[in-house]
Amino acid sequence: MREKSANKVLRFLNHHQLLIPRRSKFGDVVWRKPSVAAIILFLKNPAYAGAFVYGKTRMTAKVSSTNNKIQRKLPIEEWKIRINDKYPAYISWQTFEKIQAMLKDNYAEYDRNKTRGVPRQGKALLHGLVYCGECGHKMMVQYKHSTQYLCNALRQQYGVRVCQNIQADPIDKAVVEAFFQALSPIELDSYSQALLAKQQTDEQITKARCQE
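Residues numbered from 1 in each chain as written. Predicted model: local features only at pLDDT ≥ 70, side-chain atom pairs only at ≥ 80, totals over all residues. Heavy atoms only, no water.

1. Quick notes on the overall build of the protein
Regarding its fold elements, the protein presents 6 helices and 9 strands. Within the protein, the proportion of its 212 residues that are buried is 19%. Across the protein, every contact between residues at least 6 apart in sequence was considered, and the portion connecting residues at least 24 apart equals 42%. Within the structure as shown, the protein displays about 16600 Å² of accessible surface, and the carbon and sulfur contribution to it stands at 54%. (Helix = DSSP H or I, 4+ residues; strand = E, 2+ residues; numbered from the N terminus. Buried < 20%, exposed > 50% of the residue type's maximum accessible area, 1.4 Å probe, protein only. Contact = heavy atoms within 4.5 Å. Areas by Shrake-Rupley, 256 points an atom, 1.4 Å probe, with all protein chains shown as cover.)

Okay, here's the thing in C-alpha coordinates:
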(Lines give C-alpha, C1' and ligand atoms only; values in the text may rest on other atoms or scores of the structure.)
Protein backbone atom coordinates (compact mmCIF):
# COMPACT_ATOMS: atom_id res chain seq x y z
CA MET A 1 0.00 0.00 0.00
CA ARG A 2 2.94 2.34 0.60
CA GLU A 3 4.38 2.22 -2.93
CA LYS A 4 1.05 2.66 -4.79
CA SER A 5 2.12 0.85 -8.01
CA ALA A 6 3.77 -2.39 -9.16
CA ASN A 7 6.63 -0.44 -10.77
CA LYS A 8 7.44 1.28 -7.48
CA VAL A 9 7.36 -2.08 -5.67
CA LEU A 10 9.79 -3.40 -8.28
CA ARG A 11 12.18 -0.49 -7.68
CA PHE A 12 11.94 -1.04 -3.91
CA LEU A 13 12.78 -4.76 -4.22
CA ASN A 14 15.67 -4.09 -6.59
CA HIS A 15 17.05 -1.32 -4.36
CA HIS A 16 17.14 -3.72 -1.40
CA GLN A 17 18.33 -6.64 -3.58
CA LEU A 18 15.33 -8.77 -2.63
CA LEU A 19 14.29 -11.89 -4.54
CA ILE A 20 10.77 -13.35 -4.83
CA PRO A 21 9.68 -17.02 -4.78
CA ARG A 22 8.55 -18.61 -8.04
CA ARG A 23 7.65 -22.13 -9.15
CA SER A 24 10.07 -23.90 -11.48
CA LYS A 25 8.82 -26.12 -14.29
CA PHE A 26 9.30 -29.08 -11.90
CA GLY A 27 7.13 -27.49 -9.21
CA ASP A 28 9.99 -26.53 -6.91
CA VAL A 29 10.18 -23.13 -5.21
CA VAL A 30 13.04 -21.04 -6.58
CA TRP A 31 14.07 -17.48 -5.68
CA ARG A 32 14.43 -15.14 -8.65
CA LYS A 33 14.80 -11.46 -9.46
CA PRO A 34 11.43 -9.71 -9.40
CA SER A 35 9.58 -8.51 -12.47
CA VAL A 36 6.49 -6.35 -12.88
CA ALA A 37 4.51 -9.31 -14.23
CA ALA A 38 5.45 -11.52 -11.26
CA ILE A 39 4.61 -8.77 -8.75
CA ILE A 40 1.18 -8.23 -10.31
CA LEU A 41 0.52 -11.98 -10.13
CA PHE A 42 1.26 -11.85 -6.41
CA LEU A 43 -0.93 -8.82 -5.82
CA LYS A 44 -3.85 -10.29 -7.77
CA ASN A 45 -3.69 -13.70 -6.09
CA PRO A 46 -6.43 -13.94 -3.38
CA ALA A 47 -4.31 -16.51 -1.51
CA TYR A 48 -2.05 -13.54 -0.67
CA ALA A 49 -4.95 -12.40 1.53
CA GLY A 50 -5.57 -15.92 2.87
CA ALA A 51 -8.63 -16.63 0.71
CA PHE A 52 -9.56 -19.70 -1.33
CA VAL A 53 -11.38 -18.68 -4.50
CA TYR A 54 -13.07 -20.62 -7.29
CA GLY A 55 -14.71 -19.32 -10.45
CA LYS A 56 -12.66 -16.18 -11.21
CA THR A 57 -13.20 -16.63 -14.96
CA ARG A 58 -16.06 -17.48 -17.28
CA MET A 59 -15.93 -19.14 -20.70
CA THR A 60 -17.56 -17.03 -23.39
CA ALA A 61 -18.16 -17.76 -27.07
CA LYS A 62 -15.83 -15.86 -29.35
CA VAL A 63 -17.46 -14.24 -32.34
CA SER A 64 -15.42 -15.69 -35.20
CA SER A 65 -15.56 -18.27 -37.94
CA THR A 66 -14.05 -20.92 -35.62
CA ASN A 67 -16.44 -20.08 -32.75
CA ASN A 68 -13.69 -20.77 -30.21
CA LYS A 69 -14.37 -20.06 -26.55
CA ILE A 70 -12.24 -17.66 -24.54
CA GLN A 71 -11.89 -17.03 -20.82
CA ARG A 72 -13.12 -13.72 -19.44
CA LYS A 73 -11.92 -12.54 -16.03
CA LEU A 74 -14.75 -11.69 -13.66
CA PRO A 75 -14.87 -8.87 -11.10
CA ILE A 76 -14.50 -9.89 -7.45
CA GLU A 77 -18.22 -9.60 -6.74
CA GLU A 78 -18.97 -12.22 -9.45
CA TRP A 79 -16.55 -14.91 -8.23
CA LYS A 80 -18.49 -18.13 -7.57
CA ILE A 81 -16.83 -19.22 -4.31
CA ARG A 82 -14.69 -17.32 -1.81
CA ILE A 83 -13.60 -18.68 1.57
CA ASN A 84 -11.64 -16.20 3.67
CA ASP A 85 -8.98 -17.22 6.24
CA LYS A 86 -8.31 -20.49 4.42
CA TYR A 87 -4.54 -19.87 4.27
CA PRO A 88 -2.10 -17.81 6.36
CA ALA A 89 -2.75 -14.24 5.21
CA TYR A 90 -0.08 -11.63 4.53
CA ILE A 91 -2.70 -8.87 4.21
CA SER A 92 -6.36 -8.45 5.15
CA TRP A 93 -9.13 -8.94 2.61
CA GLN A 94 -9.98 -5.23 2.84
CA THR A 95 -6.38 -4.37 1.93
CA PHE A 96 -6.52 -6.86 -0.94
CA GLU A 97 -9.62 -5.13 -2.35
CA LYS A 98 -7.91 -1.73 -2.07
CA ILE A 99 -4.90 -3.08 -3.97
CA GLN A 100 -7.15 -4.41 -6.75
CA ALA A 101 -8.76 -0.98 -7.06
CA MET A 102 -5.29 0.64 -7.25
CA LEU A 103 -4.17 -1.75 -9.96
CA LYS A 104 -7.34 -1.11 -11.94
CA ASP A 105 -6.93 2.68 -11.64
CA ASN A 106 -3.24 2.48 -12.60
CA TYR A 107 -4.07 0.44 -15.70
CA ALA A 108 -6.87 2.83 -16.67
CA GLU A 109 -4.47 5.78 -16.33
CA TYR A 110 -1.84 3.96 -18.40
CA ASP A 111 -4.41 3.20 -21.09
CA ARG A 112 -5.51 6.84 -21.19
CA ASN A 113 -1.93 8.09 -21.46
CA LYS A 114 -1.17 5.57 -24.19
CA THR A 115 -3.91 6.97 -26.42
CA ARG A 116 -3.83 10.62 -25.30
CA GLY A 117 -2.72 13.47 -27.55
CA VAL A 118 -2.50 14.10 -31.28
CA PRO A 119 -0.87 11.52 -33.55
CA ARG A 120 2.79 11.96 -34.37
CA GLN A 121 3.72 13.10 -37.87
CA GLY A 122 5.59 9.86 -38.38
CA LYS A 123 9.16 11.10 -38.47
CA ALA A 124 10.44 7.67 -37.43
CA LEU A 125 10.01 5.33 -40.40
CA LEU A 126 10.53 2.03 -38.58
CA HIS A 127 8.08 2.37 -35.70
CA GLY A 128 7.20 -1.15 -34.53
CA LEU A 129 9.71 -2.76 -36.91
CA VAL A 130 13.05 -2.37 -35.10
CA TYR A 131 14.35 -5.05 -32.72
CA CYS A 132 17.23 -4.65 -30.28
CA GLY A 133 20.48 -6.32 -31.33
CA GLU A 134 21.45 -6.80 -27.67
CA CYS A 135 18.39 -8.49 -26.13
CA GLY A 136 16.07 -9.13 -29.09
CA HIS A 137 13.08 -7.13 -27.78
CA LYS A 138 11.10 -4.74 -29.97
CA MET A 139 12.29 -1.15 -29.65
CA MET A 140 9.99 1.83 -29.16
CA VAL A 141 10.28 5.34 -30.60
CA GLN A 142 11.13 8.23 -28.29
CA TYR A 143 10.62 11.82 -29.50
CA LYS A 144 12.10 13.61 -26.48
CA HIS A 145 14.82 16.08 -27.57
CA SER A 146 15.49 13.99 -30.70
CA THR A 147 14.01 10.98 -32.47
CA GLN A 148 15.49 7.77 -31.06
CA TYR A 149 14.85 4.05 -31.12
CA LEU A 150 14.78 2.97 -27.47
CA CYS A 151 14.94 -0.53 -25.97
CA ASN A 152 13.30 -0.36 -22.55
CA ALA A 153 11.52 -3.75 -22.39
CA LEU A 154 13.85 -5.07 -19.69
CA ARG A 155 13.58 -1.80 -17.79
CA GLN A 156 9.79 -2.04 -17.76
CA GLN A 157 9.81 -5.65 -16.57
CA TYR A 158 12.79 -5.76 -14.20
CA GLY A 159 13.60 -2.14 -13.40
CA VAL A 160 17.13 -2.38 -14.83
CA ARG A 161 18.84 0.23 -17.01
CA VAL A 162 17.76 0.86 -20.59
CA CYS A 163 19.36 -1.71 -22.89
CA GLN A 164 20.29 0.80 -25.60
CA ASN A 165 19.01 3.85 -27.46
CA ILE A 166 20.17 4.96 -30.88
CA GLN A 167 19.48 7.96 -33.09
CA ALA A 168 16.73 7.26 -35.62
CA ASP A 169 17.75 9.63 -38.41
CA PRO A 170 20.91 7.77 -39.60
CA ILE A 171 19.07 4.44 -39.51
CA ASP A 172 16.04 5.76 -41.41
CA LYS A 173 18.33 7.34 -44.01
CA ALA A 174 20.19 4.06 -44.56
CA VAL A 175 16.89 2.15 -44.87
CA VAL A 176 15.55 4.62 -47.47
CA GLU A 177 18.77 4.34 -49.50
CA ALA A 178 18.64 0.54 -49.36
CA PHE A 179 14.99 0.61 -50.40
CA PHE A 180 15.66 2.63 -53.55
CA GLN A 181 18.74 0.58 -54.39
CA ALA A 182 16.57 -2.53 -54.26
CA LEU A 183 14.12 -1.05 -56.77
CA SER A 184 15.12 -1.47 -60.39
CA PRO A 185 14.79 1.44 -62.89
CA ILE A 186 11.94 -0.44 -64.57
CA GLU A 187 9.98 -0.61 -61.29
CA LEU A 188 10.55 3.10 -60.64
CA ASP A 189 9.41 3.93 -64.18
CA SER A 190 6.26 1.81 -63.70
CA TYR A 191 5.54 3.62 -60.45
CA SER A 192 5.93 7.02 -62.16
CA GLN A 193 3.60 5.94 -64.98
CA ALA A 194 1.00 4.77 -62.47
CA LEU A 195 1.11 8.14 -60.68
CA LEU A 196 0.76 9.99 -64.02
CA ALA A 197 -2.21 7.83 -65.04
CA LYS A 198 -3.93 8.49 -61.70
CA GLN A 199 -3.33 12.22 -62.08
CA GLN A 200 -4.82 12.21 -65.58
CA THR A 201 -7.85 10.25 -64.40
CA ASP A 202 -8.43 12.71 -61.54
CA GLU A 203 -8.20 15.63 -63.98
CA GLN A 204 -10.74 14.01 -66.33
CA ILE A 205 -13.17 13.43 -63.46
CA THR A 206 -12.79 17.04 -62.28
CA LYS A 207 -13.35 18.33 -65.83
CA ALA A 208 -16.46 16.18 -66.28
CA ARG A 209 -17.92 17.45 -63.01
CA CYS A 210 -17.30 21.07 -64.05
CA GLN A 211 -19.01 20.51 -67.40
CA GLU A 212 -21.95 18.82 -65.66
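2. Let's talk about the packing of helix H1 (residues 6-15) against helix H2 (residues 36-44)
The packing of two helices is summarised by the inter-axis angle and the distance between the axes. Running from amino to carboxyl end, H1 crosses H2 at an angle of 110°, the nearest separation of the two axes being 9 Å. Considering their axes alone, H1 and H2 lie roughly perpendicular with respect to each other. Seen along the crossing, H1 lies across H2 with a hand that is right-handed. Across from Ala6, Asn7, Val9, Leu10 and Leu13 in H1, the residues of H2 making contact are Val36, Ile39 and Ile40. When its residues are assigned to classes, the contact of H1 with H2 shows 7 nonpolar, 1 polar and no charged. (Axes fitted to C-alpha atoms, helices over the stretch in contact; angles between N-to-C directions. Parallel < 35°, antiparallel > 145°, perpendicular 65-115°, else oblique. Left-handed = near helix turned anticlockwise from the far one by under 90°. Nonpolar A, V, L, I, M, F, W, Y, C, P; charged D, E, K, R; others polar.)

3. Describing H2
If you check which residues of H2 are buried, you get Val36, Ala38, Ile39 and Leu43. What you see down the axis of H2 is that its buried residues fit within an arc of 165°, all on one side. (Arc of directions from axis to C-beta.)

4. Here's the deal with the environment of Leu188
Take Leu188: it is sitting in helix H6 (residues 185-211). With a relative accessible area of 33%, Leu188 lands in the partly exposed category. Each residue touching Leu188, except ones within four places of it in the same chain, is listed here: Phe180 and Leu183.

5. Observations concerning the confidence of the model for the protein
Residues of the protein with pLDDT of at least 70 account for 88%, and the chain-wide mean is 82. Scored below 50 in pLDDT, residues 115-120 makes 2 contacts in the model with residues more than four places away or belonging to other chains. (pLDDT = per-residue confidence, 0-100.)

6. Some thoughts on the layout of surface pockets
Left-over empty space is what a probe sized like a water molecule reveals as it rolls over the atoms. Reported here for the second largest pocket is a volume of approximately 970 Å³. Lining the second largest pocket we find 31 residues, and of these Ile39, Phe42, Leu43, Tyr48 and Tyr90 sit closest to its centre. For the lining of the second largest pocket, the secondary structure elements donating two or more residues are H1, strand E1 (20-23), strand E2 (29-32), H2 and helix H3 (93-115). Classifying every residue of the lining of the second largest pocket gives 23 nonpolar, 3 polar and 5 charged. (1 Å grid on protein atoms, 1.4 Å probe; cavity = no way out; pocket = protein on both sides within 12 Å on 5 of 7 lines; lining within 4 Å. Points joined across faces, edges and corners; volume = space filled by probe spheres on them.)

7. Topic: the sheet that holds strand E8 (residues 148-151)
Strands sit in the order E7-E8-E9 across an open sheet of 3 strands; the sheet is antiparallel. Because the sheet does not close on itself, it has two edges, and the strands there are strand E7 (140-142) and strand E9 (164-167). With strand direction ignored, the average angle separating the axes of adjacent strands in the sheet is 30°. Relative to E8, E7 runs antiparallel, the two being bridged by 3 bridges. Across the sheet, residue Gln142 finds its bridge partner in E8, namely Gln148. (Pairing = 2+ DSSP bridges.)

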